[in-house]
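Descriptive structure summary
Spelled out from the first residue to the last, the chains are:
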Amino acid sequence: MNEKFLIDGRILSLSHLDKPFWPRMGVTKKDLMHYYLEISPFLLPHLKDRLITVIRFPDGVEGKFFYQKNKPRYAPEWIPTFSFQGTDYMLVQERATLIYLANQGALEIHVSFHKVPGEEPTSLVFDLDPSVEGFEMVREAALLIKEELDLLRLPSLVKTSGATGLQIYIPLKKGHTFPETRRFSSFFARYMTEKNPSLFTIERKVDLREGKIYFDYLQHWRGKSLIAPYSTRARSLPYVSTPLRWEEVPRVQPEDFTLFQVLERVQKVGDLFSPLLQGRGSDLAPFLKEIARVKKKPRLTVP
């Protein structure tokens, strides 16, 4: 049975509000909608004007799922779109769209690294993905990267993936391109791998990673996406991709942050990823010039 709701002037027809989305914790579709409404002041700014990919679980996390990039024909007309590489992506600009997505079983929201209509990266992102169970290696890897970035005077932010990894963001000043960020990130990944060969790998094949942390620098590109800050994840429990303070990293666990805990957390600490929204950041140009001069073993210094 469908029920009509008015959200910010939009009429939405919502159904099966008591459907269990995360049965192990008794979290329903209605709970997810409540979370999105409450987290929207923190989540929406990170979605605005970005290409959205959702992973839909119409029957909850234990059911079948599929990826969706294009706006379906039956979606409300008022949801705007942007055409990119032949796909009409939905843009999530308001709370009503979040609730529509929750009603469709969108348990994960992934966002592009650039805003539209442009193709300019707003930050450089390192995605650290463990090859084996346990979070200790991921924490160690993230802290080593933070140490190197501090030496280079590149301010960075960190968040949980909401799954098994950590993701590090370097806010960028305007004017950078994806080929530039690829040159820096590929060099930096190789540098970290050569310096810490027992911890890092850039091997894409999972069975060849030998239990090391995969330093994924290829994901950062135009049109590609990463889980959005404050998005839930389709895990056994409703974990959330959560921004952290760096001093929290040594003791953090992915299970520390479910949608209920994150709502309480943001009321206390605010949006720790707000620096990404300020349009200011680091200039990679001096580092790119130095990288171009390096002929042999990777070595970075402060320009």
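Here, every reference points to the structure presented above.
What comes next is a walk through the structure. Here the residue numbering is sequential within each chain, running from 1 through the sequence in written order. A pLDDT threshold of at least 70 governs which residues receive local features in this predicted model, and a stricter bar of 80 or more applies before side-chain atom pairs are shown or counted, although totals over entire chains, interfaces and linings include all residues. Each side-chain value is derived from all of the structure's non-hydrogen atoms; neither hydrogens nor water enter the calculation.

In this section: helix 2 (residues 95–103). Buried means the residue's accessible area, taken with a 1.4 Å probe over protein chains only, is under 20% of the maximum for its type, while exposed means over 50%, and partly exposed covers the values in between. Numbered from the N terminus, helices here are DSSP runs of H or I no shorter than four residues, and strands are runs of E no shorter than two. Across the nine residues of helix 2, eight count as buried, placing the element largely inside the fold. Those residues of helix 2 lying buried are A96, T97, L98, I99, Y100, L101, A102 and N103. A positive phi of about 80° marks G105, the residue just after helix 2.

Inspection of the secondary structure assignment puts K71 in the loop between strand 6 (66–68) and strand 7 (81–84). We call two N or O atoms a polar contact when they sit within 3.5 Å, provided that within protein one can donate a hydrogen and the other can accept it, with sequence-adjacent residues counted only if both atoms are side-chain atoms. Within polar-contact distance, the side chain of K71 engages the backbone oxygen of I79 at 2.6 Å. The criterion used for residue contact is that any of the two residues' heavy atoms lie within 4.5 Å. Once you skip the residues sitting within four places of it in the chain, K71 turns out to touch P76, E77, I79, T81, D88 and M90.

Let us now look at the environment of F66. Of note, F66 is situated in strand 6. With 152 residues separating them along the chain, F66 and L218 place their C-alpha atoms 23 Å apart. Leave out the neighbours within four places in its chain, and F66 touches V54, I55, R56 and P58.

Let us now look at the pattern of salt bridges. One speaks of a salt bridge when a side-chain nitrogen belonging to Lys or Arg is within 4 Å of a carboxyl oxygen belonging to Asp or Glu. In the structure shown here, the tally under the stated rule is 11 salt bridges. In this structure, the salt-bridge partner of D8 is R95, at a minimum N-O distance of 2.9 Å. With D8 in the loop between strand 1 (2–7) and strand 2 (10–15) and R95 in helix 2, the pair connects residues that are 87 residues apart, well separated along the chain. When the shortest N-O distance is used, the salt bridge between D59 and K19 registers 3.4 Å. Note that D59 is positioned in the loop between strand 5 (50–56) and strand 6 and K19 in the loop between strand 2 and strand 3 (20–22), a separation of 40 residues in sequence.

With that settled, the discussion passes to the side chain of R233. Structurally, R233 is set in the loop between strand 15 (225–227) and strand 16 (243–244). For R233, the residues in contact, after removing those within four places along its chain, are W22, L107, E108, S161, G162, A163, I227, P238 and Y239.

Only when DSSP finds a minimum of two bridges between them are two strands counted as paired. Pairing is mixed across the open sheet formed by six strands, whose spatial order is 13-14-10-12-11-16. Of all strands in the sheet, those with a lone pairing partner are strand 13 (200–201) and strand 16, marking the two edges. With two bridges connecting them, strand 11 (residues 157–160) and strand 16 associate as antiparallel partners. Among the inter-strand pairings, V158 is bridged to a residue of strand 16, identified as L244. The convention used is that axes are lines fitted to C-alpha atoms, helices contributing only their stretch in contact, and that angles between N-to-C directions extend from 0 to 180 degrees. Along the sheet, helix 4 (residues 178–195) makes contact with strand 10 (123–130), strand 13 and strand 14 (213–216), crossing strand 10 at roughly 35°.

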